[in-house]
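In case you want the letters, here they are:
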There are 2 protein chains.
Amino acid sequence: MRATLIYGAGDVRVENVPDPTIKEPTDALVRITSACICGSDLHPYGSKEAGAPATIGHEFIGVVEAVGADVTSVRAGDVVIAPFAWSDGTCVFCREGLQPSCLHGGFWNSGDVTGGQAEAVRVPLADGTLVPVPVGADDALIPSLLTLSDVYGTGHHAAVKGGVGPRTTVTVIGDGAVGLLAVMASRRLGAEQIVLMGRHASRTDLGREFGATEVVAERGEEGIARVRDLTGGHGTHVVIEAVGHMPAYEQAYGVVRPGGVISRVGVPQYESAPVGFGSIFGLNIALTGGPAPARAYIEELLPDILDGTLEPGRVFDRTVDLDGVPAGYRAMADREALKVLVRP
Amino acid sequence: MRATLIYGAGDVRVENVPDPTIKEPTDALVRITSACICGSDLHPYGSKEAGAPATIGHEFIGVVEAVGADVTSVRAGDVVIAPFAWSDGTCVFCREGLQPSCLHGGFWNSGDVTGGQAEAVRVPLADGTLVPVPVGADDALIPSLLTLSDVYGTGHHAAVKGGVGPRTTVTVIGDGAVGLLAVMASRRLGAEQIVLMGRHASRTDLGREFGATEVVAERGEEGIARVRDLTGGHGTHVVIEAVGHMPAYEQAYGVVRPGGVISRVGVPQYESAPVGFGSIFGLNIALTGGPAPARAYIEELLPDILDGTLEPGRVFDRTVDLDGVPAGYRAMADREALKVLVRP
């Protein structure tokens, strides 16, 4: 089959690799019909050292081609959503809704499991991982359903971990797909005020449609001052950090209210950060977040998509076929595209 | 009056300073009858650069001598507890129970407000700050009541912010007074398992009496392995970090369960710390805590003390008069005393 491989910084290629096959009785073989490029794929795309190429991509919808003998919840022909981590659904952490910490699970593109920007993939632990959806693989709802594999679930996770609810004020840092869907999720959970910090007018316009009450384009000290102006001087109860770089984190503790929460879902591109008296401790600010249990949220978020209430798939502003994936990476890295849909 | 002044590292002296007086109509003048030395006083005692001397001490019980014209909730003769921050009790943060962030409040030993290891003190915003108690200044309950000014409230805060409740497993790092009272608070909130990490047998023995189910004396990697052994390999839901130094923080993220919480109440002696994918982000671990709103917890914690159910005052193992304060600091710094009660 053909699959996307990352060779190094700025270097992704679509090449022939061995076809995936059923190896374990709990596997499913899925033909990928829709996938996408993630903001987090841009981290290795921006920095990977040249070396052994690796498959890439962790968000997809596809059609089940075959299942192992022990698989009971999906069958050949089902259209399924895969979250960005595979998991057994039965271990202590899965039962608590923390599938990325599944005792027997893992992530795409690790070990002998390949990635989502490809024609097909072997899905381990299919019963725990895959969620069948009642639409065809070409349905108009597919882009929105595809966001359940990662970006909408991740935006929702940020809001849930931050404790967003009615009467909550929220700042969302970052106008990428996760930031915009964190706005949608915060609105869905009843947030009273949602300040979106982002510099790309076409994206922040979409953020307003998703529920942002104000947009702040300034960054750094100037941006912090603007958010404080909008919040009676105190900042917001919750700050969702959907970027992953240090300036975004510094902005986060600059705009969070005393006693508030910084919820991070941008994968941190740093290991150490300020957490002492002068940044978060002195004001009783909590720091939370992590890789979203996208699998845990699918059932909750699905109905609003199926009935047309919410359209998270509006974050896709470009569609490519597999051959177009390298150009898709360039477009996202250059901020020409917000999020690229891949139709293998 | 006589008051304790810190001149530099290892150098505290008891000297004559001007008597405090009522300055604002919201002030009270309090004659201090019981005070103490705090683990956090040991931080400047260990590191303060020589320079202008400053008063020190932030935990006390005393008798009201006089009040300003606007004070209505306490009167001359009342025995009162003072929390370690003074606050108006009416601002937006006080109403939310976050008195250390009071818009009009502050901390002892700042501006023209002196400290608690002294004969008397001017208490600003007396109505918001002071809590009268129905016992005499020499009552046998005074040591336990005195812990409400800081260390018991701080231990309780750690447990509350960590989300301790029934079926929660907890690790408490640190066998100082705050650590031991975090054990008591966790037990009171219903924790199922409480692992106390500490090396001083006399202290950890008291920790067992307060509710610790296991004690781990090892530190670092060895200590982490021991806690994991005691918790099915996964660590505990909550880790209370009651020390403030980096090795304790590193221990904290070594023993916390995926999806769990590190609750810090030891004042961090560092500004940056690991919070990236490899420490807390990857496992969805939250970091919380800060200066306790001791004032907010007094009414909740008082009844168990007044009726004798709990005796947090057992953390005091030495009593000195004002002249004995310098020796008290030495004893605590040398770990000869757990916590020193001062009777001015």
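All values reported here derive from a predicted model rather than from experimental measurement.

Quick notes on the rules
Numbers given to residues run from 1 along each chain, matching the order in which its sequence is written. Think of it this way: whatever chain is written first is A, whatever ligand is written first is 1, and the rest follow in order. Reporting of local features is limited, given that this is a predicted model, to residues whose pLDDT is at least 70; pairs of side-chain atoms are given and counted only at 80 or more, and all residues count toward the totals for whole chains, interfaces and linings. To get the side-chain values, take all heavy atoms of the structure and skip hydrogens and water. Copies overlap after least-squares fitting; the atoms used are the C-alpha atoms of residues with pLDDT of at least 70 in both. When checking whether two residues touch, look at their non-hydrogen atoms; a contact exists if any pair is within 4.5 Å. Accessible area that two parts lose when put together, with a 1.4 Å probe and added across both, is what the buried area reports. Take a side-chain nitrogen of Lys or Arg and a carboxyl oxygen of Asp or Glu: if they are within 4 Å of each other, that pair is a salt bridge. Think of a polar contact as two N or O atoms within 3.5 Å of one another; within protein, one of them needs to be a possible hydrogen donor and the other a possible acceptor, and neighboring residues in sequence only count if both atoms come from side chains. Lys, Arg, Asp and Glu make up the charged group, whereas Ala, Val, Leu, Ile, Met, Phe, Trp, Tyr, Cys and Pro make up the nonpolar group; the residues left over, Gly among them, are polar. A pair of strands is labelled paired if DSSP reports no fewer than 2 bridges between them. Each helix corresponds to a stretch of at least 4 residues labelled H or I by DSSP, and each strand to a stretch of at least 2 residues labelled E; elements are numbered beginning at the N terminus. What counts as a domain boundary in this text is fixed by an automatic or database domain assignment.

1. Regarding the relation of the copies chain A and chain B
Line of reasoning, step 1. With an RMSD of 0.0 Å, chain A superimposes on chain B once it is rotated by 180° and translated 0.0 Å along the axis. The two molecules are tied by a two-fold rotation axis, judged by turn and shift. Taking C-alpha positions as reference, the residue of chain A nearest the rotation axis is L287 of chain A, located at 2.5 Å.
Line of reasoning, step 2. Most of the interface of chain A is mirrored in chain B, where 100% of its interface residues are also at the interface.

2. Observations concerning the interface of chain A and chain B
Line of reasoning, step 1. Every contact between the two is made by 39 residues of chain A and, on the other side, 39 residues of chain B.
Line of reasoning, step 2. Of the roughly 3,100 Å² buried between chain A and chain B on both sides combined, carbon and sulfur atoms contribute 57%.
Line of reasoning, step 3. Considering only the side of chain A, the residues that lose the most area to chain B are E271, F281 and N284 of chain A, jointly responsible for 23% of the buried surface there.
Line of reasoning, step 4. A salt bridge links E96 of chain A to R257 of chain B, with the nearest nitrogen and oxygen atoms 2.9 Å apart.
Line of reasoning, step 5. Summed over the shared surface of chain A and chain B, the result is 22 residue pairs in polar contact (both at pLDDT 80 or more).
Line of reasoning, step 6. In terms of residue class, the side of chain A that touches chain B is made up of 20 nonpolar, 14 polar and 5 charged.
Line of reasoning, step 7. One ladder, built from 3 bridges, connects strand 16 (residues 272-274) of chain A with strand 16 (residues 272-274) of chain B; its direction is antiparallel. In the strand pairing of strand 16 of chain B, S272 of chain A is matched with P274 of chain B.

3. A short note on the domain arrangement of chain A
Residues and elements named next belong to chain A.
Line of reasoning, step 1. Partitioning chain A into structural domains gives domain 1 (2-150 + 293-343) and domain 2 (155-289).
Line of reasoning, step 2. A straight line from the C-alpha centre of domain 1 to that of domain 2 covers 27 Å.
Line of reasoning, step 3. If you look at the interface, domain 1 gives 17 residues, while domain 2 gives 19 residues.
Line of reasoning, step 4. A combined buried area of about 1,600 Å² lies between domain 1 and domain 2, and 65% of that area is made up of carbon and sulfur atoms.
Line of reasoning, step 5. Considering only the side of domain 1, the residues that lose the most area to domain 2 are H43, R314 and L338, jointly responsible for 35% of the buried surface there.
Line of reasoning, step 6. At the surface where domain 1 touches domain 2, the tally comes to 3 salt bridges.
Line of reasoning, step 7. A salt bridge links D304 to R188; the nearest nitrogen and oxygen atoms lie 3.0 Å apart.
Line of reasoning, step 8. Taken together, domain 1 and domain 2 are joined by 6 residue pairs in polar contact (both at pLDDT 80 or more).
Line of reasoning, step 9. The element best represented in the side of domain 1 that touches domain 2 is helix 10 (residues 294-306), accounting for 4 residues.
Line of reasoning, step 10. Tallied by class, the residues present in the side of domain 1 that touches domain 2 amount to 8 nonpolar, 3 polar and 6 charged.

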